[in-house]
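Each chain, letter by letter, is given below.
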Amino acid sequence: MSSGAPSATPTNWAGFVTAEPALAATVEARFAAYTHHVLATLRKDGSPRTTGLEVRFLDGELWLGMMPGSVKALDLRRDQRFALQANPGDGTGMGGGDVRIGGRAVAVEDAATRARYVEEAEPPEPFHLFRTELTEVVRTHVEDDKYLVVEIWQPGGPVRTVRRT
């Protein structure tokens with residue numbers, strides 16, 4: 001019997017785009033607006049660590065690339081869970097809203113996959129590469145100068161929208 005709750009099974013970026021193309025386009029545009037974003041990982045003791053990061057959307061995946069031996073890469077190798085916050089930009093305008101993505105970062109060691117990434121992204125080498133599995137995408141924005149609107153997507157379910165005054 002189905003509870004109607006979203007599936008706990010994560011999906012990649014392409015799966016999100018297929019499930020919710022309009023929200024996916026908005027989220028991708030927010031990340032494209034600026035180069036640097038904020039990644040939250042978990043330290044060895046379980047406390048959060050936030051660091052800057054550049055992201056790439058390529059071949060239906062959201063990729064996280066990092067310098068070798070960086071603490072954020074070591075955090076993700078130990079515990080795959082992450083949260084990624086798009087750079088809100090200057091001032092308070094936040095065109096397109098505030099967006100964040102939660103999920104798991106899977107280390108990519110496959111030589112062919114890494115070679116395709118290098119061909120497209122041209123990162124400085126060596127580097128750590130992670131492919132993301134999404135567990136949640138959230139967009140928060142103001143509507144009609146009256147409502148705070150929170151759109152929440154999780155794999156296996158539709159976008160839930162909450163409006164607050």
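Per chain, residues are indexed from 1 in the order of the written sequence. Residue-level local features of this predicted model are given only where pLDDT is at least 70; pairs of side-chain atoms are given and counted only at 80 or more, and the full residue set underlies all totals for whole chains, interfaces and linings. Excluding hydrogens and water, the side-chain figures rest on all heavy atoms present in the structure.

Observations regarding helix α2 (residues 21-32)
Operational definition: Helix numbers and strand numbers start at the N terminus; a helix is a DSSP run of H or I with at least 4 residues, a strand a run of E with at least 2. Given a helix with a known number of residues, its expected span is that number minus one, times 1.5 Å. Relative accessibility under 20% of the residue-type maximum defines a buried residue, over 50% an exposed one, and the middle range a partly exposed one, all with a 1.4 Å probe and only protein chains included. Note that the arc is defined by the directions from the helix axis to the C-beta atoms.
The terminal C-alpha atoms of α2 lie 16 Å apart, and with 12 residues this matches the ideal 16 Å at 1.5 Å per residue to within 8%. Looking only at α2, the buried set comprises L23, A24, V27, R30 and F31. Considered in projection along α2, the buried side chains sweep an arc of 125 degrees and stay on one side of the axis. Residues of α2 that are exposed and point more than 90 degrees away from the buried face comprise A22 and A32.

With respect to helix α3 (residues 71-78)
If you check which residues of α3 are buried, you get K72, A73, D75 and L76. The buried residues of α3 occupy an angular sector of 155 degrees when projected down its axis, which confines them to one face.

As for the pattern of salt bridges
To keep it simple, the criterion reads: Salt bridge criterion: a side-chain nitrogen from Lys or Arg within 4 Å of a carboxyl oxygen from Asp or Glu.
Summed over the entire model, instances satisfying the criterion amount to eight salt bridges. We note a salt bridge from R81 to D79, for which the minimum N-O separation is 2.7 Å. The residue E151 makes a salt bridge to R139 at a minimum N-O spacing of 3.0 Å. Residue E151 is found in strand β8 (residues 147-153), and its partner R139 is found in strand β7 (residues 128-143); the two are separated by 12 residues along the sequence. The burial state of E151 is the same as that of R139; both residues are buried. A single salt-bridge network, built from bridges that share partners, covers R49, D75 and R78.

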